[in-house]
Amino acid sequence: MDPIRQSKIENRKIPFKPLPRSFYQAPTLQLAKDLLGTFLVHRSRGVSTIGRIVETEAYLQDDPACHAYRGSTPRTRVMFGPPGHAYLYFIYGMYWCFNVVSAPPGTGEAVLVRALEPIHGIEGMRRRRAGCGKRLSDKALCNGPGKLVIAMGMGPRQNGIDLTKPPLFLAGRAALGPDSFDPRHILTGTRIGINKAAQHPYRFYLRNNPFVSKR
DNA sequence: AGAGCGATGGCCT
DNA sequence: GGCCATCGCTCTA
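Residues numbered from 1 in each chain as written. Chains lettered and ligands numbered in written order. Predicted model: local features only at pLDDT ≥ 70, side-chain atom pairs only at ≥ 80, totals over all residues. Heavy atoms only, no water.

Enquirer: Whenever I open this one, the layout of surface pockets confuses me. Can you help?
Expert: Gaps left between atoms show up when a probe the size of a water molecule is rolled over them. A volume near 730 Å³ is recorded for the largest pocket. Together, 29 residues line the largest pocket, and Tyr89, Ile91, Tyr92, Gly193 and Ile194 are the ones closest to its centre. Of all the elements in the fold, those that place two or more residues in the lining of the largest pocket are strand 3 (86-91), strand 4 (95-101), strand 5 (110-120) and helix 4 (145-151). Element by element, the count of residues in the lining of the largest pocket is highest for helix 4, at four residues. Residue composition of the lining of the largest pocket, by class: 17 nonpolar, six polar and six charged. By volume, the second largest pocket is sized at about 250 Å³. The wall of the second largest pocket is formed by 16 residues, among which Ser44, Arg45, Val47, Thr49 and Arg128 lie closest to the centre. Elements with a contribution of two residues or more to the lining of the second largest pocket: strand 1 (39-44), strand 2 (47-59) and helix 3 (122-129). It is helix 3 that provides the largest number of residues to the lining of the second largest pocket, a total of five residues. Of the residues in the lining of the second largest pocket, the class split is three nonpolar, eight polar and five charged. (1 Å grid on protein atoms, 1.4 Å probe; cavity = no way out; pocket = protein on both sides within 12 Å on 5 of 7 lines; lining within 4 Å. Points joined across faces, edges and corners; volume = space filled by probe spheres on them. Helix = DSSP H or I, 4+ residues; strand = E, 2+ residues; numbered from the N terminus. Nonpolar A, V, L, I, M, F, W, Y, C, P; charged D, E, K, R; others polar.)

Okay, structure coming up:
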């Protein structure tokens, strides 16, 4: 995004409104595509951090790669709850990953959010992501599931919370105005970093988008 | 540009 | 005890 447009977005009063519960009632594979182009908004201590979703992965109940494949456990309990809630899990002893719970209660499915385009609160993102002391580029802030959780100021506290109201919610594709999204730009591929059921085309991302984790 | 690898700790069998 | 929906660094090209 060009710097002029960027500063306009940074300066405007935040008009973003939460999507309703009905948005999350689509089948999980459909929801994974519907989430592309929507805005993840986190309001914390009076400031908003916003990223636009550019890459997702679907995890289905009958899918061996899905955490819920073997049924509900203490960790996966929220995946079996109502759709439109946050599921965050701890991975590799270091990182948290953010999912949108989908499917009706009793069915354990979710969509992993893998990458965001930074939209608002970018300097805050850079501060939270600056572990090594180097200044990260905008492209490097949210191009991975562990990275975006850090950049957005999220963590285990958000596990299980309702995404249809602040402080953490999604806003529709039109939030920046009409024509800011073209569904024909959605590409499909295989999921990243898994071994089981690796052949399923359950990854979705935007063509030529510089903020996805991997082309 | 891409392969290899260590860090690090919870979860589940 | 093995696995893991990751990341950042180093080494080779």
